[in-house]
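Breakdown of the fold
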Amino acid sequence: MSHIMGIKVIAEGVETLEEYYVCKDIGADFVQGYFVQKPTQNLHEIEKLYTIIKTSAKNDRRAFETNKIDKSKITYIEPISNNTSLHDLILYFTHRTTSTFVHIVDSLHNLLGVIYEKDIKQIAYSQYGMALASKNNSCERIKKYIKEPVSCELQWGVDKALEIFNIHQYTSNGIFITKNNKYYGFINVNNLLSIAYSRNLEMA
């Protein structure tokens, strides 16, 4: 339910390898507990990447059925930074006449949202708007145009991706894919239909 609502899940109290594997199987996005690290007030002990998690995931040799997303259907579209100015955002769409949206990431490549070209048309196609954007080069002005993206974690699989898109199919032209919360790529409607068709054949 959380995933369908676009919410990521943290499993707390994970103390053993077996508990970690259970959380992995049911699709928890993050884990917290003694298995990862005991509480500490020393900030230097907090790691960006915990080796025990990476090793445990790599050593997981259990065989179970998955419905992985076909990576060939995922297109990597270059995102822009949340520090981009309004003027540069307008120029982005000016130079890419076929683009109807651009996705926004932070310095760590986390997906923050999406900006649609139609939302800035009034500014982009008027001399006054361009002049205003040129004078105010602050990235603060683009924040009001950022909207929540329709996204899915790569490891959630085909069924979850299709379920999420079905809920938003009338307001979205595809679905963003993240991997470990980082932007990974985009699946457009045509590729989603192709994925759905292939999945239906598998189910049949």
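This text goes with the structure placed above it.
Here's a quick rundown of the structure. Small disclaimer: the values here were computed from a predicted structure and weren't measured. (Residues numbered from 1 in each chain as written. Predicted model: local features only at pLDDT ≥ 70, side-chain atom pairs only at ≥ 80, totals over all residues. Heavy atoms only, no water.)

1. Overview of the sheet that holds strand β7 (residues 174–179)
- With respect to topology, three strands assemble into an open sheet ordered β6-β7-β8, the strand pairing being mixed. Two strands in the sheet have a free side with no partner beyond their single neighbour: β6 (151–153) and β8 (182–188). Between one strand and the next, the sheet's axes are offset by a mean angle of 30 degrees, whatever the strand orientation.
- Across three bridges, the pairing between β6 and β7 is parallel. Looking at the pairing, C152 lines up with I177 of β7.
- Helix-sheet contacts for helix α6 (residues 158–168) involve β6 and β7, and the interaxial angle to β7 is about 140 degrees. (Pairing = 2+ DSSP bridges. Helix = DSSP H or I, 4+ residues; strand = E, 2+ residues; numbered from the N terminus. Axes fitted to C-alpha atoms, helices over the stretch in contact; angles between N-to-C directions. Contact = heavy atoms within 4.5 Å.)

2. A word on the pattern of salt bridges
- Within this structure, the stated rule accounts for three salt bridges.
- When the shortest N-O distance is used, the salt bridge between D119 and K147 registers 3.1 Å. Placement of the pair is D119 in the loop between β5 (111–116) and α4 (121–124) and K147 in the loop between α5 (127–135) and β6, with a sequence separation of 28 residues.
- Here D119 falls in the partly exposed class, since its relative accessible area comes to 27%.
- The shortest N-O distance in the salt bridge between R199 and D159 comes to 2.8 Å. Highlighted residues: R199 in helix α7 (residues 189–203) and D159 in helix α6, separated in sequence by 40 residues.
- Accessibility expressed as a relative area gives 11% for R199, which makes it buried. (Salt bridge = Lys/Arg side-chain N within 4 Å of Asp/Glu carboxyl O. Buried < 20%, exposed > 50% of the residue type's maximum accessible area, 1.4 Å probe, protein only.)

3. As for the packing of helix α1 (residues 17–26) against helix α2 (residues 51–58)
- Look at α1 against α2: their axes get within 11 Å of each other, and the N-to-C directions meet at 70 degrees. On the basis of their axis angle, the class for α1 and α2 is roughly perpendicular. Seen from above, α1 lies across α2 with right-handed handedness. In this structure, α1 uses L17, Y20, Y21 and K24 to contact α2, whose residues at the interface are I53, S56 and A57. (Parallel < 35°, antiparallel > 145°, perpendicular 65-115°, else oblique. Left-handed = near helix turned anticlockwise from the far one by under 90°.)

4. Quick notes on the sheet that holds strand β3 (residues 80–81)
- Sheet architecture is open: three strands sit in the order β3-β4-β5, paired in mixed fashion. Each edge of the open sheet carries a strand with a single partner, namely β3 and β5.
- Across the face of the sheet, helix α3 (residues 86–95) comes into contact with β3, β4 (101–105) and β5 while running at roughly 140 degrees to β4.

5. Some words on the packing of aromatic side chains
- The final tally for this structure, using the stated rule, is seven aromatic pairs.
- Centre to centre, the rings of Y76 and Y183 are 5.3 Å apart; their planes meet at 45 degrees, and the pair counts as tilted. With a gap of 107 residues between them, Y76 in the loop between α2 and β3 and Y183 in strand β8 connect regions that are remote in the sequence.
- Ring geometry for F101 against F186: centres 5.0 Å apart, planes inclined by 50 degrees, an arrangement best described as tilted. A residue pair is termed long-range when its members are at least 10 positions apart, and F101 in strand β4 and F186 in strand β8 qualify at 85 residues. (Phe/Tyr/Trp six-rings, centres within 6.5 Å; stacked < 30°, edge-to-face > 60°.)

Read these as geometric descriptors, not functional statements.
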